[in-house]
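Here is what each chain is made of, one letter per residue.
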Amino acid sequence: MIDFLAYKLTDTKFMTMLFVAVAAVATVLTLAMPLLTSNTLNKRMKSVALEREKIRQRERERMARGEKEKVNLRQSPKQYMSKVVEQFNLSKWLGQEQAREKLMQAGFRGQAPYIAFLFFRMVTPVVMFFVALFYLFLVVELDQTPMVKIGVCLVIAYGGMHVPYMFLKNKISKRQLSIKRAFPDALDLLLICVESGMSIEAAFKRVSSEIGTQSIALAEELTLTTAELSFLQDRRQAYENLAKRIDLEGVRSVCVALQQAERYGTPLGQTLRVMSQENRDMRMSEAEKKAAGLPPKLTVPMILFFLPVLFVVILGPAAIRVMGSQDLPVAPSPQSGR
């Protein structure tokens, strides 16, 4: 069995067919996923509403007892993950606050995602180490010493330790991109609501229900901010939490402006109008920057793919005509016949 796997993995024709099949399946999935994706806006907004109710219940209990306490707003983590994290003391090894901040920025809240992140941060290197051992010692025949192979396995295991963080970073980037694109429109809606006479809590609640068609992540964050504005003792803490959860420069500047307006009593309408214009200018400048960087990126694809095809289309008929004229027999002249 091992010899058969080694033969197949070193067979060029089989590997080519395998990669072509994987590429075909990936293409079909890429085209079919948008059609199969369901609208998760209602589900996410319902979960946020449930969390808001739990925040309200927590604050009422704290006010009734007159003491502060922490309440778990999410479901408890799985038992085997909790046991592994507690036995190896992974919270101290990884850094609790940094991991929690990254998880909040990716949209994962509560104790269960934190425990799962720490668990996979430890399990992934072990799994990749044994997979690399199996591949290097049993599947592929390398002319290297066992120490060199073990060193390669250790390097792969070290890279596997960063795989959960890379996954988390990718989730944060996608979430921030969705928020960044919809945030100027949310500011415009917020400005309209504030100037129409709504309070800032009602404005956030209204905008969160309207902006969900563009960015579910932004709607979720605005809903949580609405809950924090309603129940936190210091309203400025709600703006600080919003800036920390999103971690974008435009959102951070808006939160600072809202804190100053809350502290010094400046009109919210004027502040939101200025910040909305700044965010729109930032989005336009980013689009212009991407458009300006497009020609250098297209240079190499045009040289490799477009120009050869263009030369074939232009010079192909002329080359065929020249080759055809050379194959035709030459007719004898009248003088040579005499």
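Residues numbered from 1 in each chain as written. Predicted model: local features only at pLDDT ≥ 70, side-chain atom pairs only at ≥ 80, totals over all residues. Heavy atoms only, no water.

A. Highlighting the overall build of the protein chain. Along the backbone of the protein chain there are 16 helices and zero strands. Of all 338 residues assigned to the protein chain, the portion counted as buried reaches 31%. Within the protein chain, contacts between residues separated by at least 24 positions form 65% of all contacts whose residues are at least 6 apart in sequence. Here the protein chain displays about 23,100 Å² of accessible surface, and carbon together with sulfur accounts for 64% of that area. (Helix = DSSP H or I, 4+ residues; strand = E, 2+ residues; numbered from the N terminus. Buried < 20%, exposed > 50% of the residue type's maximum accessible area, 1.4 Å probe, protein only. Contact = heavy atoms within 4.5 Å. Areas by Shrake-Rupley, 256 points an atom, 1.4 Å probe, with all protein chains shown as cover.)

B. Seen up close, the nonpolar core. Grouped together as the largest cluster of nonpolar side chains are 32 residues, with contacts concentrated most on Leu 190, Phe 204, Ile 211 and Leu 218. Every element with two or more residues in this core is listed here: helix H9 (163-195), helix H10 (200-210), helix H11 (216-231), helix H12 (235-246), helix H13 (249-264) and helix H14 (268-292). A per-element tally of this core places H9 first, with nine residues. In contact with Ile 211, not counting residues within four places along its chain, are Ala 182, Asp 185, Ala 186, Leu 189, Leu 218, Ala 219 and Leu 222. Counting 14 residues, the second largest nonpolar core, distinct from the first, contains Val 84, Ala 106, Phe 117 and Leu 168. (Core = buried A, V, L, I, M, F, W, Y, C linked by side-chain atoms within 4.5 Å.)

C. Structural detail: a positive patch on the surface. A contiguous patch of positive charge, built from Lys 180, Arg 181, Lys 290 and Lys 297, is present on the exposed surface. For Lys 290, the location among the structural elements is in helix H14. (Patch = residues over 30% accessible without salt bridge, like charges linked within 9 Å, V, L, I, M, F, W, Y side chains within 5 Å. Salt bridge = Lys/Arg side-chain N within 4 Å of Asp/Glu carboxyl O. Lys, Arg positive; Asp, Glu negative; His and termini not counted. Charge placed at Lys NZ, Arg CZ, Asp CG, Glu CD.)

Treat this as a map of the structure, not an account of what it does.
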